[in-house]
Amino acid sequence: MKILAFAASNSRKSINQSLVNYASSLLPEHSVEVLNINDYEMPIYSSDLEEAHGIPSAANRFIAKIAEADALLISFAEHNGNYTVAYKNLFDWASRERMDVYQSKPVVMLSTSPGPGGACSVLKLANESAHFFKGNVTATLSIPSFYDNFDLEKGELTNGELAGKLRQALATL
Ligand SMILES: Cc1cc2nc3c(=O)[nH]c(=O)nc-3n(C[C@H](O)[C@H](O)[C@H](O)COP(=O)(O)O)c2cc1C
C-alpha cells in the first residue's frame, strides 16, 4: 500500500513528526511518504480571499496527495484542546476543494503531547468528526508524556506497552 503520513503540526521540532517518523519505520512492507504540512502553507482562510482569488494551489496539491494514497497516518498536535491553527487552515482550504478531504481512505490517527493527556482531546475531535470528511478511522492511539516514553536520539518509543499498541494500531491499515 501507499501510505501518506504527516504530523498535523507546523513546528520544525514537532514531537508528532517524530512519532510519525517512528510509526513509518514500523511499516517496511508498505511505501510510506512522509509529508510536511509546512510545504502547504496558505493565508488564513477567508471567504473574501476565496471569492477574490479562488482556492490556493497548495490545497489542491494536498488533496491530490491524499488521492494518490491508499491509506493515511496522521499524528495530531494539540493546541488548547484543538487542532493547531496550521492544520486547521490547511484542512479548511482543502475542504473548499472537496468536502470529503480524507476521500474514504483508511486512517490511523495518533496524537502526542508532553503532558499526561497525550493530546487526547484533539484526537477525539479528529476521530469523531472524520466521518464528515469521509475518513475511515481504523484505529486511534494517544501517546502521553512524550518525553518520558520516547527516545528522541534513537527516534523510537521506549515504552514497550505503547510500542505494542502502536504496532496493533498500524496493523489495522
Ligand atoms: C498555544 C499552545 C497550546 C497548547 N495546548 C495544549 C493542550 O491543549 N494540550 C496539550 O496536551 N498540550 C498543549 N500544548 C503543548 C503541546 O502539546 C506541545 O507544544 C507539543 O510539542 C505540540 O506538538 P508538536 O511538537 O508536534 O507541534 C500547547 C502548546 C501551545 C503552544
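Quick note: structure is the one above.
One structure accompanies this document, and this report is about it. All of these numbers come straight from a predicted model, not from anything done at the bench.

What surrounds the ligand is the set S9, S11, S14, I15, N16, A77, E78, H79, N80, G81, S113 and P114. Note that an oxygen atom of the ligand is positioned 2.7 Å from one of the side-chain N or O atoms of S9. At 2.7 Å, a backbone N or O of N80 approaches a nitrogen atom of the ligand. For the ligand, whose free accessible area comes to 610 Å², the fraction covered by protein is 64%. Looking at the shell around the ligand, its residues break down into three nonpolar, eight polar and one charged.

What follows concerns the nonpolar core. Grouped together as the largest cluster of nonpolar side chains are 32 residues, with contacts concentrated most on F62, I74, F76, Y87, V101 and Y102. Of all the secondary-structure elements, those providing two or more residues to this core are β1 (2-8), α3 (57-68), β3 (71-76), α4 (85-97), β4 (105-112) and α5 (120-129). With residues up to four places along the chain from it excluded, the contact list for V101 reads F62, I63, I66, F91, A94, S95 and F133. Listed in part, the 26 residues of the second largest apolar core include I3, A5, A23 and L110.

Within β3, six of the six residues are buried, which leaves the element mostly enclosed by the surrounding structure. The side-chain alternation of β3 yields two buried faces, one formed by A71, L73 and S75 and the other by L72, I74 and F76. Where β1 lies against β3, six bridges are found, and the strand directions are parallel. Paired with F6 across the bridge in β3 is I74. As defined by bridge partners, β3 adjoins β4 across five bridges and the pair is classed as parallel. Note on β4: the bridge partner recorded for I74 is M109.

Another point: the pattern of salt bridges. Under the counting rule described, the total for this entry stands at six salt bridges. Two residues, K65 and E33, come together in a salt bridge whose shortest N-O distance is 2.9 Å. Placement of the pair is K65 in helix α3 and E33 in strand β2 (residues 31-35), with a sequence separation of 32 residues. A salt bridge links K165 to E161, with the shortest nitrogen-to-oxygen separation between them at 3.7 Å. With K165 and E161 both in helix α7 (residues 160-170), this residue pair falls four residues apart, about one helical turn. Looking at K165, the relative accessible area reads 39%, which means it is partly exposed.

For the structure on display, the rule yields 14 aromatic pairs. Relative to F62, the ring of Y40 lies with its centre 5.8 Å away and its plane at 65°, an arrangement referred to as edge-to-face. Residue Y40 is located in the loop between β2 and α2 (47-53), and its partner F62 is located in helix α3; the two are separated by 22 residues in the primary sequence. You'll find Y40 and F62 in the same group, each marked buried. Geometrically, the ring pair formed by F76 and Y87 is edge-to-face, given 5.8 Å between the ring centres and 80° between the ring planes. Linking F76 in strand β3 with Y87 in helix α4, this pair joins segments that are eleven residues apart in sequence.

It is worth spelling out the pairing of strand β5 (residues 135-143) at this point. Sheet analysis places β4 next to β5, joined by eight bridges and oriented parallel. Directly across from L110, in β5, lies its bridge partner L141. Assessed by its sense of winding, the connection that carries the chain from β4 through α5 to β5 is right-handed.

Once that is clear, we can look at the packing of α3 against α4. Here α3 crosses α4 at 85°, and the two axes come no closer than 9 Å. Accordingly, the angle class assigned to the pair α3 and α4 is roughly perpendicular. Where α3 abuts α4, its residues A59, N60, F62 and I63 lie against Y87, L90, W93, A94 and E97.

Cut-offs applied
Position numbers for residues start from 1 in each chain and track the written sequence from start to end. Local features in this predicted model are restricted to residues whose pLDDT is 70 or higher, and side-chain atom pairs enter the listing and the counts only when it is 80 or higher, whereas totals over whole chains, interfaces and linings include all residues. Hydrogens are left out, water is left out, and the side-chain values use all remaining heavy atoms of the structure. Throughout this document, a residue counts as near a molecule or strand when at least one of its heavy atoms sits within 4 Å of that molecule or strand. Any pair of nitrogen or oxygen atoms within 3.5 Å is treated as a polar contact; in protein, a donor-acceptor pairing is required on top of that, and neighbouring residues in sequence qualify only through side-chain atoms on both sides. Accessibility throughout is a Shrake-Rupley quantity obtained with a 1.4 Å probe, and a residue counts as covered only by protein chains that appear here. Classification used: nonpolar for Ala, Val, Leu, Ile, Met, Phe, Trp, Tyr, Cys and Pro, charged for Asp, Glu, Lys and Arg, polar for all others including Gly. In this text, buried Ala, Val, Leu, Ile, Met, Phe, Trp, Tyr and Cys residues form a nonpolar core when linked through side-chain atoms within 4.5 Å. Buried residues are those whose accessible area, probed at 1.4 Å on protein chains only, stays under 20% of the maximum for their type, while exposed residues exceed 50% and partly exposed ones sit between those limits. A run of DSSP states H or I qualifies as a helix once it reaches four residues; a run of E qualifies as a strand once it reaches two. Both are numbered from the N-terminal end. Here, residues are in contact when the closest pair of their heavy atoms is within 4.5 Å. Pairing between strands requires that DSSP locate at least two bridges from one strand to the other. The term salt bridge refers to a side-chain nitrogen of Lys or Arg lying within 4 Å of a carboxyl oxygen of Asp or Glu. Here a Phe, Tyr or Trp ring, Trp counted by its six-membered ring, pairs with any other such ring whose centre lies within 6.5 Å, and the pair is stacked when the planes are under 30 degrees apart, edge-to-face when over 60, and tilted otherwise. Seen with the strands pointing away from the viewer, any crossover whose path from the first strand over the helix to the second strand runs clockwise is right-handed. Each axis is a line fitted through C-alpha atoms, and for a helix only the stretch in contact is used; angles between axes span 0 to 180 degrees, taken between their N-to-C directions. Here roughly perpendicular refers to angles of 65 to 115 degrees, roughly parallel to angles under 35, roughly antiparallel to angles over 145, and oblique to all remaining angles.

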